[in-house]
Amino acid sequence: MFVLAELKDNVRIAPELFGLKLPEAVRDEINRKLANKVLLNVGLCIALKDIVKLGDSIILPGDGASHTEVNFRYIVFRPMIGDVITGKIRSCSREGVHITLGFFDDILIPPSALQHPSRYEEAEQAWVWEYPLEDGKSHDLYMDIGESIKFRVSGEVFEESSPVGPPDQEVPSGAAGASSSGVGSSGTTPQDTNKTPYRIVAAINESGLGLLSWWVQQNQEEEEEEDEDADGEEQEQDQGVSGEEDE
């Protein structure tokens, strides 16, 4: 789930930080720059592990700061495809079940990856697994917000999010023609501004996955059935022994 990524960067140290030792200043600057950021095709940066190599520091003309080429290793959140992780349900929508790990929220279980058959309850804002019973009926198991859930990572999506321009300004009524022709607009849409740089696609459509409470309850029922069967066998053996003594 967490991996070490070997990275290389040119770190700028401002003059007011020259009083610190170079490794300490570099460490602080790298964490400030990368912590909680998503690197394309790398993952979500968590914390600096160590510095592998420090290059020579140079001061460029017109800039009083020093620039140092640094090779380092960074702890990155990027689970492997097939990993099984436990999180909590953040919300449910027609798009599927949204999962959070506390520090990472962009995890989605699409409807096709839920237990079959499942349906979405609009009034409850929750997905429901129609668990089949032996008598042919079904028992509704709700996926409520805040419940612990175990899922398998089935995919990952990286999207390059480029900077967007300022929001469109209000155009005077007399300039309606100009605005309709597209002049003066930034050309961005809500979809462009709401891009998620890194998200995980998950699945729970196999035995043992899903809400932890489902399987805890099932295991308790199976243990109770086993205990009842064991008690019945002991009673049968006691009856057999008593019958032999009577003879």
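These lines cover the structure that appears in this document, whether it is placed above or below. (Residues numbered from 1 in each chain as written. Predicted model: local features only at pLDDT ≥ 70, side-chain atom pairs only at ≥ 80, totals over all residues. Heavy atoms only, no water.)

1. Some details on the overall build of the protein
When you go through the protein residue by residue, the secondary structure sums to four helices and 13 strands. For the protein, the share of sequence-separated contacts (at least 6 apart) that also reach a separation of at least 24 residues comes to 65%. (Helix = DSSP H or I, 4+ residues; strand = E, 2+ residues; numbered from the N terminus. Contact = heavy atoms within 4.5 Å.)

2. Notes on the sheet that holds strand β2 (residues 38–39)
The antiparallel open sheet is built from four strands, whose spatial order is β1-β4-β3-β2. Every other strand in the sheet has two partners, leaving β1 (2–13) and β2 as the edge strands with one partner each. Relative to strand β4 (residues 66–77), strand β3 (residues 43–59) runs antiparallel, the two being bridged by 11 bridges. Opposite Ile59, over in β4, you have Ser66 as the bridge partner. On top of the sheet, helix α1 (residues 22–34) reaches β1, β2, β3 and β4; it is set at about 135 degrees to β3, its chief contact. (Pairing = 2+ DSSP bridges. Axes fitted to C-alpha atoms, helices over the stretch in contact; angles between N-to-C directions.)

3. A closer look at the side chain of His98
Turning to its location among the elements, His98 is positioned in strand β6 (residues 96–100). In this structure, His98 is in contact with Lys88, Ile89, Arg90, Ser91, Cys92, Ser93, Ile107 and Leu108, ignoring residues within four places of it in sequence.

4. Considerations on the pattern of salt bridges
Within the structure shown, the criterion is met by 12 salt bridges. Among the salt bridges present, the one from Asp50 reaches Arg73, with a minimum N-O distance of 2.6 Å. Of this pair, Asp50 sits in strand β3 while Arg73 sits in strand β4; the two residues are 23 residues apart in sequence, bridging distant segments of the chain. Take Asp50: its relative accessible area is 23%, and that puts it in the partly exposed class. Among the charged side chains, a salt-bridge network with shared partners connects Arg119, Glu121, Glu130 and Asp140. (Salt bridge = Lys/Arg side-chain N within 4 Å of Asp/Glu carboxyl O. Buried < 20%, exposed > 50% of the residue type's maximum accessible area, 1.4 Å probe, protein only.)

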